[in-house]
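# Structural features, examined
Letter by letter, the chains look like this.
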Amino acid sequence: MSRVSGAEVNLVSGEGCFVEDDGGRRYLDASAGLWYCNVGHGRREIADAVHRQMTSLAAYQTFDVFANPPALALAERVAALAPVDGDAVVFFTNGGSDAVDTAGKIVRRYWSLRGRPERTTVVARGGAYHGMNAYGTSLAGIEANAAGWGPLVREVVHVPAHDVGAVAELFEQRGSTIGAFIGEPVIGAGGVHPPVDDYWPQIADLCREHDVLLIADEVVTGFGRLGRWFASQRFGVTPDLVLTAKGITSGYLPLGAVLCGERVRQTMWAGDAGPFRHGYTYSGHPSACAAAMANLDIIEREGLVERVGALEPVLEAALAPLSAHPLVAEVRSAGLLAAVELDAEALRQRPGLVDDVVRDAREAGVLVRGLIGRSLQISPPFVITETEIAQIAAALRAALDAAADRRPAGAEAR
Ligand SMILES: Cc1ncc(COP(=O)(O)O)c(C=O)c1O
């Protein structure tokens, strides 16, 4: 906290892919905030929808018999888009971490109703990020996020991120105690790692074989970032639970949702299932749901999911040459989601290198983020243009060149 004190970048407005600070300086928002501002900043249409809702019924809880038109309409709309089997049901949360917690409890409730309460273990991937609540912290595959809190949820097992064999072995040995497998279709905060070929279909097959629930954490990838409404569709899998947040409102108001497929619906929503004693004060918040409806209207009307598909090769081609830079180890991308990973030896010599490059890119007018002290996150709004993508690549190159020029005397980058 002391590092940022006095160095805050105080943002006051935004329009399209740009935000502006209190000194009138404009920045290209190459990370869409925290991977959420998919329709871009300054959409009056969303603000107007929220204003209309707030001046009729700003908020009302959705416990017991209560509902409201935006929550009902959004649930229906998202259920129709959901990449799950059968008639999806939608459980609204405040954001992604709550969606992860909710899924963790759904898994326990589901198996308890099925007469298998011992199936409590959730399998997560190395490098995974599943939010900041206690369940998500327990599931974290980013070691620094999971360490230092003392005992968390104990019924979690981690497997190497891309190793199907490790999952097969684990399921063989302990399948009867495993309730679910959770994963981000593309690992996000852990450094943007797309899956190796056929990873997801093979994991889905293993889950089916061993009767394990499959949870796709689509908090980053949901609502278009990989050129499909959901990344699960791109990778050919049908999860039992899909977790969403961020892109559901493009961040205009906080909202998350757990989309449940047939298997979970039939068990938990059956007449004799009893209550699911779980819910949030703001679950189904009408103003947040109104923001989501207006956001989805924009995505559909402007064809933004298709636009991501068209821009995917443009972003990939713009960033690819950076992989030859002496300070860069690798560039990875899928959809409008990319990372530039810095060279391990350069990072060893200069642990603050990522921060330096982020700061220099900002000085060059482009906002990117550091990921786990190794990579730079690029996840622009879907409305970005080809010229703006080129601007991101140019700013990153300038920042990397500046960092290379400042290399400590005698130190080799590679
Ligand atoms: C994959 C994933 N899951 C969950 C979360 C947590 O979402 P939130 O910050 O809205 O609680 C995030 C946030 O970045 C995420 O990337």
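The structure under discussion appears in the preceding block.
Predicted model only: the values in this text are computed from it and were never measured.

Rules behind the numbers
- Residues numbered from 1 in each chain as written.
- Predicted model: local features only at pLDDT ≥ 70, side-chain atom pairs only at ≥ 80, totals over all residues.
- Heavy atoms only, no water.
- Near = heavy atom within 4 Å.
- Polar contact = N/O pair within 3.5 Å; in protein donor to acceptor, adjacent residues only side chain to side chain.
- Areas by Shrake-Rupley, 256 points an atom, 1.4 Å probe, with all protein chains shown as cover.
- 1 Å grid on protein atoms, 1.4 Å probe; cavity = no way out; pocket = protein on both sides within 12 Å on 5 of 7 lines; lining within 4 Å.
- Points joined across faces, edges and corners; volume = space filled by probe spheres on them.
- Helix = DSSP H or I, 4+ residues; strand = E, 2+ residues; numbered from the N terminus.
- Nonpolar A, V, L, I, M, F, W, Y, C, P; charged D, E, K, R; others polar.
- Domains from an automatic or database assignment.
- Core = buried A, V, L, I, M, F, W, Y, C linked by side-chain atoms within 4.5 Å.
- Buried < 20%, exposed > 50% of the residue type's maximum accessible area, 1.4 Å probe, protein only.
- Contact = heavy atoms within 4.5 Å.

### What about the site of the ligand?
The environment of the ligand is formed by Gly 95, Gly 96, Ser 97, Tyr 129, His 130, Gly 131, Glu 184, Asp 217, Val 219, Val 220 and Lys 246. Note that an oxygen atom of the ligand is positioned 2.6 Å from one of the side-chain N or O atoms of Ser 97. Between the ligand and Asp 217 there is a distance of 2.7 Å, counted from a nitrogen atom to a side-chain nitrogen or oxygen. Isolated, the ligand exposes 390 Å² of accessible area, and the fraction of that covered by the protein chains is 81%.

### As for the layout of surface pockets
Where empty space is left in the structure can be found by rolling a water-sized probe over the atoms. Counted as a void, the largest pocket has a volume near 1,000 Å³. Along its surface, the largest pocket is lined by 34 residues, and Val 358, Arg 362, Leu 367, Val 368 and Arg 369 are the ones closest to its centre. Secondary structure elements with two or more residues in the lining of the largest pocket: strand 1 (11-15), helix 1 (32-35), helix 14 (353-363), strand 13 (366-367) and strand 14 (369-371). The dominant element in the lining of the largest pocket, judged by the number of residues it contributes, is helix 14, at six residues. Looking at the lining of the largest pocket, its residues break down into 17 nonpolar, nine polar and eight charged. Both domain 1 (11-30 + 303-405) and domain 2 (45-301) contribute no fewer than three residues apiece to the lining of the largest pocket.

### Observations concerning the nonpolar core
Membership of the largest hydrophobic core comes to 69 residues, with the highest contact counts inside it found for Leu 74, Leu 342, Val 368, Leu 376, Ile 378 and Leu 396. When residues are assigned to domains, this core turns out to be shared by domain 1 (11-30 + 303-405) and domain 2 (45-301), each giving three or more. Aside from chain neighbours lying at most four places away, what touches Leu 342 is Leu 327, Val 328, Ala 329, Leu 347, Leu 353, Val 354, Val 357, Arg 374, Leu 376 and Leu 400. Counting residues in each nonpolar core, the second largest holds 31 residues, with Val 159, Val 164, Val 167 and Phe 235 among its members.

On their own, these measurements won't tell you what the molecule is for.
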